[in-house]
Amino acid sequence: MRESADLVGRALAEVGRHVRPGVTTAELDAIAEDFLRSYGGVPAFKGYKVGKVIFPNTLCISVNDVVVHGIPDGYRLQEGDLISVDCGVQLDGYFGDSAYTFAVGETSEENVRLCRVTYEALYKGIEKAVVGNRLGDISNAVQTHCEGYGYGVVRDLVGHGIGRSLHEDPQVPNYGQRGKGKKLKDGLAICIEPMINRGTADVETDDDGWTVRAADGSPSAHYEHMVVCRRGAAEILTTFEYIEAVVEAPYRREVLHEATGTHG
Ligand code: MG
Ligand code: MG
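A brief look at the structure comes next. (Residues numbered from 1 in each chain as written. Chains lettered and ligands numbered in written order. Predicted model: local features only at pLDDT ≥ 70, side-chain atom pairs only at ≥ 80, totals over all residues. Heavy atoms only, no water.)

### Looking at the coordination of the magnesium ion (ligand 1)
For the magnesium ion (ligand 1), the full set of protein donor atoms is Asp86 (OD), Asp86 (OD), Asp97 (OD) and Glu224 (OE), at a range of 2.0 to 2.5 Å. Here the donor residues for the magnesium ion (ligand 1) map to a single chain with the spacing D-x10-D-x126-E. If you look at the magnesium ion (ligand 1) and the magnesium ion (ligand 2), they sit 3.1 Å from each other and are both ligated by Asp97. Linking Asp97 in strand β7 (residues 94-103) with Glu224 in the loop between β15 (220-222) and β16 (225-228), this pair joins segments that are 127 residues apart in sequence. Each member of the pair Asp97 and Glu224 is classed as buried. (Donors = N, O, S within 2.8 Å, 3.2 Å for Na, K, Ca; no water. Helix = DSSP H or I, 4+ residues; strand = E, 2+ residues; numbered from the N terminus. Buried < 20%, exposed > 50% of the residue type's maximum accessible area, 1.4 Å probe, protein only.)

What follows is the structure, encoded as structure tokens:
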């Protein structure tokens, strides 16, 4: 699982290197697919089925008001866009899953703040992913941080367990009550993934059956790490280090270094 997690981090960095105005989301998708396959990985989202709808691509690329599950296409990125890129891989029978929101060129201060707060919320959740706590402690930490800024915490989509399957029990909501829910056991591997909107928490799904948008059209951000619950401090399996070595995002580094010994 460490190897799968490492590979998605490197794939996201390869995508990040190519994020600029004029690039299409389909081009980014092809870059990620080639990258994963060159290391023996199989894209985990491509062919993923929910009911009768099949996801057609390697990446979910969610632009601006799209929260998650955006389908890569001919859209050309524009200066100021926010794009959330979610990448999943299967490598030697184990899954990796991580997401990162990039700004295309310069974006608005409001969007930068949304990204910073969502990113901070991810690490606040991770701080709670320790043996002795319960799932609700993670959920509540994410929720209270984001709602403190007036942001909408999406309810319809949640984090999840991960391992030999992409999505395993338990569900890991980004909202909940402290001290409630399943007890965290040593070795439990979960994806913590705040999906946070600048406006309403309500979402709608497009006719394609995948694209989930903020109902009021407000921008959305999404960061995701795979973590293993441990005694004392969670072990973060995925890393943003590769991404942040190639993407200029000074505020993200500050947040990272403030996080208590849990570098992503
Ligand atoms: Mg993901
Ligand atoms: Mg996930």
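### Let's talk about the layout of surface pockets
Put simply, the largest pocket is a space of about 580 Å³. Tyr48, Val50, His69, Leu157 and His167 are the residues nearest the centre of the largest pocket, which is lined by 28 residues in total. Broken down by secondary-structure element, the contributors of at least two residues to the lining of the largest pocket are β9 (159-161) and β10 (168-172). Residues that form the lining of the largest pocket fall into these classes: 13 nonpolar, 8 polar and 7 charged. (1 Å grid on protein atoms, 1.4 Å probe; cavity = no way out; pocket = protein on both sides within 12 Å on 5 of 7 lines; lining within 4 Å. Points joined across faces, edges and corners; volume = space filled by probe spheres on them. Nonpolar A, V, L, I, M, F, W, Y, C, P; charged D, E, K, R; others polar.)

### Re the coordination of the magnesium ion (ligand 2)
Surrounding the magnesium ion (ligand 2) are the protein donor atoms Asp97 (OD), His160 (NE2), Glu193 (OE) and Glu224 (OE), at 2.1 to 2.3 Å. Here the donor residues of the magnesium ion (ligand 2) share one chain and are spaced in sequence as D-x62-H-x32-E-x30-E.

### Comments concerning helix α1 (residues 2-17)
Between its first and last C-alpha, α1 extends 23 Å over 16 residues, near the 22 Å set by a 1.5 Å rise per residue. What α1 keeps buried is the set Ser4, Ala5, Leu7, Val8, Gly9, Ala11, Leu12, Ala13, Glu14, Val15 and Gly16. (Expected span 1.5 Å × (residues − 1).)

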